[in-house]
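Summary of structural features
Each chain, written out:
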Amino acid sequence: VRGHNSAEILVHGTTGSDNVVNYDDGPNSLTSNVGSVIEGLNPGSVIDVDTSGSIKVAGLIEGHGSGSVVDLDAGTSFTLREGGIIAARGTDGLIDIHGDDIVTIESGSAVVAGARWDSSSGTPVVIQTAAGADVHVTSANEMLIKGTITSSDAMNLVASNGLYDYGDDYFSLLPDDGNGDPHYLAGHDKFSILLTGTLTTLADDALLELSAPDDIIIRGNIDVMGQDADLLIRSDLWVYHEGFISVEDNVRIYGGFDDALVATGGTDSNGSSVYVHATSRINSFQTASSIDIFGARDVDIYGAVVAGGSIGESGVTWAGPDSSLTVDAGEQVYLYTGLLASKTVQVNGGLPGANDQGLSVVVDTPGGLYSAGLASDGSGGHVGVSAQADVEIMGNVVSGANVTLNFDDDGNLLGKTFDWSDQASDVLVDALGQAYIGGHTLDASGSPIETGGFVYANDHIKIVGGADASGIGVLVHAASEIVTEWPDSLIEIDATFDADVQGLVLAGGEVVR
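A short tour of the structure in this document, coming up. (Residues numbered from 1 in each chain as written. Predicted model: local features only at pLDDT ≥ 70, side-chain atom pairs only at ≥ 80, totals over all residues. Heavy atoms only, no water.)

With that settled, the discussion passes to the side chain of Gln 286. Within the secondary structure, Gln 286 is located in the loop between strand S30 (281-284) and strand S31 (290-295). Judged by relative accessible area, which is 8%, Gln 286 ranks as buried. Of the polar contacts made by the side chain of Gln 286, one reaches the backbone nitrogen of Asp 228; its length is 2.5 Å. If near-sequence neighbours (up to four positions away) are discounted, Gln 286 is found in contact with Gly 226, Gln 227, Asp 228, Glu 248, Asp 249, Gly 308 and Ala 319. (Helix = DSSP H or I, 4+ residues; strand = E, 2+ residues; numbered from the N terminus. Buried < 20%, exposed > 50% of the residue type's maximum accessible area, 1.4 Å probe, protein only. Polar contact = N/O pair within 3.5 Å; in protein donor to acceptor, adjacent residues only side chain to side chain. Contact = heavy atoms within 4.5 Å.)

See the structure below:
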């Protein structure tokens, strides 16, 4: 089907009787098979498909030239099947897809606006063909994205409440983790958005937005490649991330917040509003870029999060100064990974929930907060931990240094090298409950132990502890180290109740091993 200026397909009376093809999900109004073509040939052309039943596309639907529009509205489900392509590659093109039931972009299919994919090198590479092309996809219920969606400008994906149960045919089939335990999503059943494919935007100053009332589950990749381009992920319920997020400028993730960014209290069954899997990476690349992660209740982060730099084999290469990273939880922040930024890293924990053991913030032994101490105005770096109740820090907190990891030939960690900034940088740990530099964790055999934590800055460290039932406001474990580097540097320990300092506190020195 080809039209110079328009191609219109209207199907308003699908009953399901005497159909040429039938599907399990109800009456089908339009099936486009492999090899079929629906095209608008002139600039400004409009392809308009409006049906009462489902739309299944395995062929090509493309609006050619600048300003062309592809508008597909399914009365029930919309499915882009394997091999299917929907394209508007010209300047200011628009692809608008809507399904009144669910929207599925299957593996091996593609939605492409203002771009094309080149596989001549053996590896698919996206190439922008024209500026200003947008993609909008909306679903009346859930949305499944297993293929690719690419735009040279804005991308907006909006789904509603999950309707169907995917427990048996998807979540129960996920592999166990490396320890033989069930996958975190085992036992799950519904969602608003499930991404296992790839989303890519190319334009400068563009926004890629995923918004939904129920779970947003990301098990694929998101690439926001334009200068000053941003990513927003927001769910009324919770956000799960297990993949790679790569964004040039700002990343904002809200789990348990409505579209006015007011907390709803939404979580999964474990009380988590944002969960970042251990195999994940969240990375912004520009100078002065930012990553903000907000959870209405718990935020659990196991995968690396880096603002304003590129991750290498032994550390981070910074794009420049002023990048920042914030993690904020209504109840507890739990870190089993590193949070890194060139200037500011801030972690805020709220009032702990019933399953949080009274802890607002936990930095477990592999966890860490790292500021390189790079500010364009010379003000230095800052690492802050603020808690409405108790804090346990068992990992590393470093402000004012770029940290390089040193490995032997077998990949074993030998130690860390600190490349100190010449800008005065500080650490502030401020707890209304007990501030514990150290904490409770498990040893290699899984037995509970207490261990130390490590806090370093080039200029200033302040540990503030409040009221605690133990009578100890600040507790420093015997294996802990609190160290400032510069000769005139300062360490302050301020406790409303007792301060019990068993570990090393060294102002203006260096620990040599």
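We are not done yet, so read on.
Moving on, we come to the nonpolar core. Ranked by internal contacts, the top residues of the largest apolar core, which has 89 residues, are Phe 78, Ile 149, Leu 199, Ile 222, Leu 231 and Leu 339. In contact with Leu 231, other than residues within four places in its own chain, are Leu 207, Leu 208, Leu 210, Ile 222, Val 224, Ile 245, Val 247, Asn 250, Val 251 and Arg 252. Judged by nonpolar contacts, the second largest core, of 13 residues, contains Ile 102, Leu 144, Phe 171 and Tyr 275. (Core = buried A, V, L, I, M, F, W, Y, C linked by side-chain atoms within 4.5 Å.)

Time to look at a negative patch on the surface. A surface patch of like charges, here negative, comprises Asp 165, Asp 168, Asp 169 and Asp 189. Tracing the sequence through the fold places Asp 165 in the loop between strand S19 (155-158) and strand S20 (193-195). (Patch = residues over 30% accessible without salt bridge, like charges linked within 9 Å, V, L, I, M, F, W, Y side chains within 5 Å. Areas by Shrake-Rupley, 256 points an atom, 1.4 Å probe, with all protein chains shown as cover. Salt bridge = Lys/Arg side-chain N within 4 Å of Asp/Glu carboxyl O. Lys, Arg positive; Asp, Glu negative; His and termini not counted. Charge placed at Lys NZ, Arg CZ, Asp CG, Glu CD.)

So, on to the packing of aromatic side chains. Using the criterion set out here, one finds 16 aromatic pairs in the structure. Ring plane angle 35° and centroid distance 4.7 Å describe the contact between Tyr 166 and Phe 191, whose orientation is recorded as tilted. Placement of the pair is Tyr 166 in the loop between S19 and S20 and Phe 191 in the loop between S19 and S20, with a sequence separation of 25 residues. Here Tyr 166 falls in the buried class, since its relative accessible area comes to 12%. Centre to centre, the rings of Phe 171 and Phe 191 are 6.2 Å apart; their planes meet at 70°, and the pair counts as edge-to-face. Highlighted residues: Phe 171 in the loop between S19 and S20 and Phe 191 in the loop between S19 and S20, separated in sequence by 20 residues. (Phe/Tyr/Trp six-rings, centres within 6.5 Å; stacked < 30°, edge-to-face > 60°.)

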